[in-house]
Amino acid sequence: MLLDLTGKKILVTGIANNRSIAWGIAQQLRAAGAELGITYLPDEKGRFETKVRELTAPLEPSLFLPLNVQDPVQMETVFAEIKQKWGVLDGLVHCLAFAGKEELIGDYSATSSEGFARALEISAYSLAPLCRHAKPLFSEKAGVVTLTYLGAERAIPNYNVMGVAKAALEASVRYLSAELGPDKQVRVNAISAGPIRTLASSAIGGILDMIHNVEEKAPLRRTVTQTEVGNTAAFLLSDLSSGISGQTIYVDAGYCINGM
């Protein structure tokens, strides 16, 4: 059986630019035949909308919608549009994470309560309400994929509150898998990607050192690409992964197996 997503309707969140992991995922999903819905983070000047619209135009998304996951009304509107336009949802890709730059350098104990709450709300909690709204729209054997990182289980310098948020996200994957699986065989999984130079990762102090360390020590002696993460996401959203749920799949050139 070859990987084929023809006719599958999949919502992709979190595309910011052509370095985004979400962009790599969207490209591979489209290449496999999926029909895409794309969301963008709205801002007052419309800069993100213009940038993401131009970038994703070759993918011919049938839905292009604003989504700030801190705005419950906006989230409801997105899924109302999906219901009206598509009627069903075959896949949901959650590529949303944020922490203030000041939270991603120095001591974890210096994290402010406001910074902690914001990071957890956007990076971890947001998956739950997205799934809650998507639940009545999910088709049989639909899939949910989110992005995590090794910092969820190991102390990574400067990753700080984002590591805590990713740990919460991975726990959410397990609980949502248990919730969504029985009725329609909906699967929920996470991809733990190796460090990649993106707009989001640039906020992490020492990100280039992290990448160079992976290149020196990973079994494959390199880091991974957005396309490789996209390939894994396409697999997890296809029928080829019908027996996989509640898992964290590592796409990091094997780095996670190292003891030191």
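Residues numbered from 1 in each chain as written. Predicted model: local features only at pLDDT ≥ 70, side-chain atom pairs only at ≥ 80, totals over all residues. Heavy atoms only, no water.

## Details of the side chain of Ser126
Among the structural elements, Ser126 can be located in the loop between α4 (113-125) and α5 (127-134). Among the residues examined, Ser126 registers a relative accessible area of 1% and is labelled buried. The contact partners of Ser126, leaving out residues within four places of it in the chain, are Val69, His94, Leu96 and Glu121. (Helix = DSSP H or I, 4+ residues; strand = E, 2+ residues; numbered from the N terminus. Buried < 20%, exposed > 50% of the residue type's maximum accessible area, 1.4 Å probe, protein only. Contact = heavy atoms within 4.5 Å.)

## Things to note about the packing of aromatic side chains
Counting across every chain of the model gives 2 aromatic pairs. Measuring from centroid to centroid gives 4.9 Å for Tyr40 and Phe64, while their planes differ by 25 degrees, and the two rings are stacked. Of this pair, Tyr40 sits in strand β2 (residues 35-40) while Phe64 sits in strand β3 (residues 63-66), and the two are 24 residues apart along the sequence. The buried category is assigned to Tyr40, whose relative accessible area is 8%. (Phe/Tyr/Trp six-rings, centres within 6.5 Å; stacked < 30°, edge-to-face > 60°.)

## Some remarks on the sheet that holds strand β4 (residues 89-94)
With parallel pairing, 7 strands are arranged side by side in an open sheet as β3-β2-β1-β4-β5-β6-β7. Two strands lie at the open edges of the sheet, namely β3 and β7 (248-251), each paired on one side alone. Put simply, the sheet's adjacent strands are angled 20 degrees from each other on average, direction ignored. One ladder, built from 4 bridges, connects strand β1 (residues 9-12) with β2; its direction is parallel. Bridge pairing links Val12 to Ile38 in β2. Strands in contact with helix α3 (residues 72-85) are β1, β3 and β4; relative to β3, the strand with the most contacts, it is inclined by about 165 degrees. (Pairing = 2+ DSSP bridges. Axes fitted to C-alpha atoms, helices over the stretch in contact; angles between N-to-C directions.)

## Things to note about the packing of α3 against α5
For the pair α3 and α5, the least separation of the axes is 10 Å and the interaxial angle reads 35 degrees. Seen along the crossing, α3 lies across α5 with a hand that is right-handed. Along its contact with α3, which presents Met75, Glu76 and Phe79, the element α5 presents Pro129, Leu130, His133 and Ala134. Within the contact of α3 with α5, the residues separate by chemical class into 5 nonpolar, 1 polar and 1 charged. (Left-handed = near helix turned anticlockwise from the far one by under 90°. Nonpolar A, V, L, I, M, F, W, Y, C, P; charged D, E, K, R; others polar.)

## Digging into the state of the cysteines
Applying the stated criterion across every chain yields a total of 0 disulfides. The thiol of Cys256 is not disulfide-bonded; the next cysteine sulfur, from Cys95, is found 19 Å away. Using a relative accessible area of 16% as the deciding quantity, one classes Cys256 as buried. (Disulfide = S-S within 2.5 Å.)

## Digging into empty space enclosed by the protein
One pass over the structure, following the stated rule, counts 1 cavity of 30 Å³ or more. Considered as a void within the structure, the largest cavity measures approximately 60 Å³ in volume. Considering the residues around the largest cavity, the lining is formed by Tyr149, Leu150, Ser192, Ala193, Gly194, Pro195, Val214, Asp252 and Tyr255. Residue composition of the lining of the largest cavity, by class: 6 nonpolar, 2 polar and 1 charged. (1 Å grid on protein atoms, 1.4 Å probe; cavity = no way out; pocket = protein on both sides within 12 Å on 5 of 7 lines; lining within 4 Å. Points joined across faces, edges and corners; volume = space filled by probe spheres on them.)

## Things to note about the pairing of strand β6 (residues 187-193)
Across the 7 residues of β6, 7 count as buried, placing the element largely inside the fold. Where burial is concerned, the two faces of β6 agree: the one with Arg187, Asn189, Ile191 and Ala193 and the one with Val188, Ala190 and Ser192 are both buried. One ladder, built from 6 bridges, connects strand β5 (residues 138-148) with β6; its direction is parallel. Looking at β6, one finds that Thr148 is bridged to Ser192. Running through helix α6 (residues 160-184), the crossover from β5 to the neighbouring parallel element β6 is right-handed. As paired elements, β6 and β7 share 4 bridges and run parallel to each other. For Ser192, the partnering residue across the bridge sits in β7 and is Tyr250. (Right-handed = clockwise from strand over helix to strand, strands pointing away.)

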